[in-house]
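Observations on the three-dimensional arrangement
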Amino acid sequence: MQSRTQSPFVNYTRNPDRLISHKGREVAVFDDANLENMDQATVSSFGEEWKRFHAFDQEELKRCGDQYFDLLGENEPGSDAVVLDAGCGSGRWSWYLAPRVATIEAIDPSDAVYPALELLQDVSNVRVTRCSIDAMPFADASFDFIMSIGVLHHVPDTEAALKVLKKKLKPNGSFLVYLYYDISHRGFLFRLLFSCVNVSRRIISSFPSTIKQIICEGIALLVYLPLARLSRLISLLGLPGIARRIPLSYYAEKGFFIMRNDALDRFGTPLEKRFTRSEIIRMLNNAGFSRIRFSEGEPYWHVLASA
Ligand SMILES: C[S@@+](CC[C@H](N)C(=O)[O-])C[C@H]1O[C@@H](n2cnc3c(N)ncnc32)[C@H](O)[C@@H]1O
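What you see is a predicted model, and the numbers here were worked out from it, not measured in a lab.

A tally of helices and strands in the protein yields 10 helices and 9 strands. Scaling as 2.2 N^0.38, a compact globule of 307 residues should have a C-alpha radius of gyration of about 19 Å, and the protein matches this with 19 Å. The principal-axis extents of the C-alpha atoms in the protein amount to approximately 70 × 40 × 35 Å. Put simply, 70% of the contacts in the protein that link residues at least 6 apart link residues at least 24 apart. Summed over its atoms, the accessible surface of the protein is roughly 14800 Å², and 53% of this surface lies on carbon and sulfur atoms. Measuring between centres, the 36 positive side-chain charges of the protein sit 3 Å from its 36 negative side-chain charges.

Now for the pattern of salt bridges. Scanning the model with the defined rule gives 16 salt bridges in all. One salt bridge connects Asp-111 with Lys-51, and the closest N-O pair in it is separated by 3.3 Å. With a gap of 60 residues between them, Asp-111 in the loop between β4 (103-108) and α4 (113-119) and Lys-51 in helix α1 (residues 40-52) connect regions that are remote in the sequence. Owing to a relative accessible area of 23%, Asp-111 belongs among the partly exposed residues under this scheme. Residue Asp-140 is joined to Lys-168 by a salt bridge in which the shortest nitrogen-to-oxygen separation is 2.9 Å. Of this pair, Asp-140 sits in the loop between β5 (126-130) and β6 (143-149) while Lys-168 sits in helix α5 (residues 158-168); the two residues are 28 residues apart in sequence, bridging distant segments of the chain. A residue is classified by how much of its surface remains accessible, and Lys-168, at 11% relative accessible area, is buried. In the salt-bridge network here, residues are joined through shared partners; they are Lys-51, Asp-111 and Arg-130.

Close to the ligand lie 20 residues; Gly-87, Arg-92, Trp-93, Asp-108 and Ile-149 are nearest. A distance of 2.9 Å is found between an oxygen atom of the ligand and a side-chain nitrogen or oxygen belonging to Trp-93. One of the backbone nitrogen or oxygen atoms of Ile-149 is found 2.8 Å away from a nitrogen atom of the ligand. Bound to the protein, the ligand loses 98% of the 600 Å² it would expose on its own.

Take the sheet that holds β4 next. In space, the 9 strands of this open sheet follow the order β1-β2-β5-β4-β3-β6-β7-β9-β8, with mixed pairing throughout. With one partner strand each, in any of the chains shown, β1 (18-22) and β8 (290-294) form the two edges of the open sheet. Direction aside, neighbouring strands of the sheet carry axes that sit 20° apart on average. Along the sheet, helix α10 (residues 277-286) makes contact with β7 (169-178), β8 and β9 (302-306), crossing β8 at roughly 155°.

Looking at the assigned domains, one finds that the protein contains domain 1 (18-181 + 274-306) and domain 2 (188-268). Averaged C-alpha coordinates put domain 1 and domain 2 at centres separated by 24 Å. Ionic pairing is found between Arg-52 and Glu-217, a salt bridge with its closest N-O pair at 2.8 Å. Along the contact surface separating domain 1 from domain 2 lie 9 residue pairs in polar contact (both at pLDDT 80 or more). Taken together, the elements giving at least two residues each to the side of domain 1 that touches domain 2 come down to α1 and α2 (58-68). In terms of residue count, the dominant contributor to the side of domain 1 that touches domain 2 is α1 (6 residues). Along the lines of polarity and charge, the residues of the side of domain 1 that touches domain 2 split into 10 nonpolar, 4 polar and 7 charged.

Reading the values: rules and limits
Throughout, a residue's number is its position along its own chain's written sequence, starting from 1. Selection of residues for local features in this predicted model requires a pLDDT of at least 70, selection of side-chain atom pairs for listing and counting requires 80 or more, and totals for whole chains, interfaces and linings are taken over all residues. For side-chain calculations, the full set of non-hydrogen atoms in the structure is used, while hydrogens and water are omitted. Under the scheme used here, helices are H or I runs from DSSP no shorter than 4 residues and strands are E runs no shorter than 2 residues, and both carry numbers assigned from the N terminus. The globule rule used for comparison is 2.2 Å times the number of residues to the exponent 0.38, while the radius of gyration itself is calculated over C-alpha atoms. Two residues qualify as a contact provided that any one of their heavy atoms is within 4.5 Å of a heavy atom in the partner residue. Computed with a 1.4 Å probe, the accessible areas rest on the Shrake-Rupley method; for each residue, only the protein chains presented here act as cover. All tallies of charge rest on Lys and Arg as positive and Asp and Glu as negative; His and the ends of each chain are not included. Charge placement uses NZ in Lys and CZ in Arg. For Asp and Glu, CG and CD serve respectively. Should a side-chain nitrogen of Lys or Arg be within 4 Å of a carboxyl oxygen of Asp or Glu, the pair is scored as a salt bridge. The cut-offs for exposure are 20% and 50% of the maximum accessible area for each residue type, with area from a 1.4 Å probe on protein chains only; residues under the lower value are buried, those over the upper are exposed, and the others partly exposed. Near is defined per residue: the residue qualifies when any heavy atom it owns lies within 4 Å of the molecule or strand. Pairs of N or O atoms within 3.5 Å make up the polar contacts considered here, provided that, within protein, one atom can donate a hydrogen while the other can accept it, and that residues adjacent in sequence are counted only when both atoms are side-chain atoms. When DSSP finds at least two bridges between two strands, those strands are taken to pair. Simply put, an axis is a line fit to the C-alpha atoms, just over the touching stretch for a helix, and the angle between two N-to-C directions goes from 0 to 180 degrees. Here the bounds of each domain stem from an automatic or database domain assignment. When residues are grouped by polarity, Ala, Val, Leu, Ile, Met, Phe, Trp, Tyr, Cys and Pro land in nonpolar, Asp, Glu, Lys and Arg in charged, and all others, Gly among them, in polar.

Structure below.
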C-alpha cells in the first residue's frame, strides 16, 4: 500500500475559505473571521507596496536581517524550530530565517502573498497563507518562535494582537517584535521634523496609489538619498558621532532600493503608531510575555521576549 506523504507544516484548524494560485503554487485564504483588528486601507496599501518592492539584493537583505535578528544566538531559533512570520509582507525575513529552522508559516492578509511566493519559490520549508493575525488557522501553542517585524504598529489594537500571538507560542517559546519607536525623548528640531513627516504621511497616504508612489519616489530621491549619503560622507571623514545625528543616518550604508521601499512605507501607510520602551514593556507584560530584552542596535525598537 502506498503511504501518503505527511505535510511538514502545522495543520490548519479549519478549511480555507478559498484557494488562490500563483506561478504554480497554491495559497490558502482565510478571510471568514472577525477582522476587527485589521485596517483594510493599510493592508491594501501594503499589498501595492510589496508588489512594487520585492526584488531585493540578497546580500543587502542578509545585512538588514543581521540587524533585526541580532538578539538571537547563532543556533537560535534552532534547526527543529516551528516558526510563525506574522505579517510576512514580501516574505523577506522568512527567506532570511528559513535555513536556520524546520518550517515557517508566513501569513499576511494582503496581496503581498504574491511577491512572497516569488521570493520564496525555491524555499521549500516556508508555507505562505493569506490571513490576518485575527484569522490564523493554527492551534494554540503551535510555534517555538514567532516574529512580527514592522506589523503591529499598523493594526488598530496592538496589545490585542500581541495576546493572540502569545497564545500561539509554545511554553518557553520566543517572540521577536519590531515596533516603531516613540520620538518624545528626542530634541525639539527632531520632533518638529517628525510632526511634519506625520502630517505629510496622513495627506500622502490618502492619495490614489499612483500619485502616492510618485510622491514617495520623489521623497526617496530628494530627501532620503542626500541625507543618507551626507551621513556616510561625514562618517568617512572620521566624524561618526556627527554622522549619526543626521536624520536618516540609518540609511548611510543602505542601497537606494531600500530607501524607496521605506519612503513608501513611511509616507504611504494610513495607520501608523509609535511606542516608548515602557509602553512596549507594559503591552508585552499584559499579553503574558516575560524576559523582555531590547536591542540597543537599530532599527528601534526590536525586542525579544519569552512566552
Ligand atoms: C511594514 S510591512 C512588514 C512586512 C514584513 N514583516 C517585513 O518586515 O518586510 C507590514 C505588513 O503587515 C501586514 N499586516 C497589516 N495588518 C495585518 C494584520 N492584521 N494581520 C497580519 N498582517 C498584517 C501588511 O499587509 C504588511 O505586509
